[in-house]
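# Residue-level structure breakdown
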Amino acid sequence: MSESSHSAPVGVILAVDPDRFAEVVEVLRRAGLTVTGEQPIVGTLSGTVAEERIPALEAIDGVDSLDRERTIQLPPPDSPIQ
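Predicted, not measured: the structure shown is a model, and the values here were computed from it.

All right, on to the pattern of salt bridges then. Opposite charge on two side chains lets them pair, provided their charged atoms get close. According to the stated counting rule, one finds five salt bridges in the structure shown. Across the pair Arg29 and Glu38 runs a salt bridge, and its minimum N-O distance is 3.1 Å. Judged by relative accessible area, which is 39%, Arg29 ranks as partly exposed. According to the relative accessible area criterion, Glu38 is partly exposed, its value standing at 38%. Between Glu51 and Arg68 there is a salt bridge, with the nearest N and O atoms lying 2.3 Å from each other. Residue Glu51 is found in the loop between strand 3 (44–50) and helix 2 (54–58), and its partner Arg68 is found in strand 4 (residues 63–68); the two are separated by 17 residues along the sequence.

Quick look at the environment of Leu57 now. The topology assignment puts Leu57 in helix 2. Residue classification places Leu57 among the buried positions, given a relative accessible area of 0%. Filtering out sequence-adjacent residues up to four positions away, Leu57 remains in contact with Leu28, Ala31, Leu33, Val49, Val63 and Leu66.

Parameters and conventions
Residues numbered from 1 in each chain as written. Predicted model: local features only at pLDDT ≥ 70, side-chain atom pairs only at ≥ 80, totals over all residues. Heavy atoms only, no water. Salt bridge = Lys/Arg side-chain N within 4 Å of Asp/Glu carboxyl O. Buried < 20%, exposed > 50% of the residue type's maximum accessible area, 1.4 Å probe, protein only. Helix = DSSP H or I, 4+ residues; strand = E, 2+ residues; numbered from the N terminus. Contact = heavy atoms within 4.5 Å.

Right, dumping it as structure tokens:
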């Protein structure tokens, strides 16, 4: 069996048409998105997906935007930098 050429999953945040939220989320799942959080009223969701699948997700009708999740490093509470 050969090794997969798929990349590690990356975190993404998507804005989708809130009026079609359930429909768009289902299409996103079939396209490879693992949903980790949903806010249907405002039309946002978060999830993970293989990096090479991002262009396919962005092309789905009803997806307004897709951004990678960003990690912010905060100093520990006892740090002199507050």
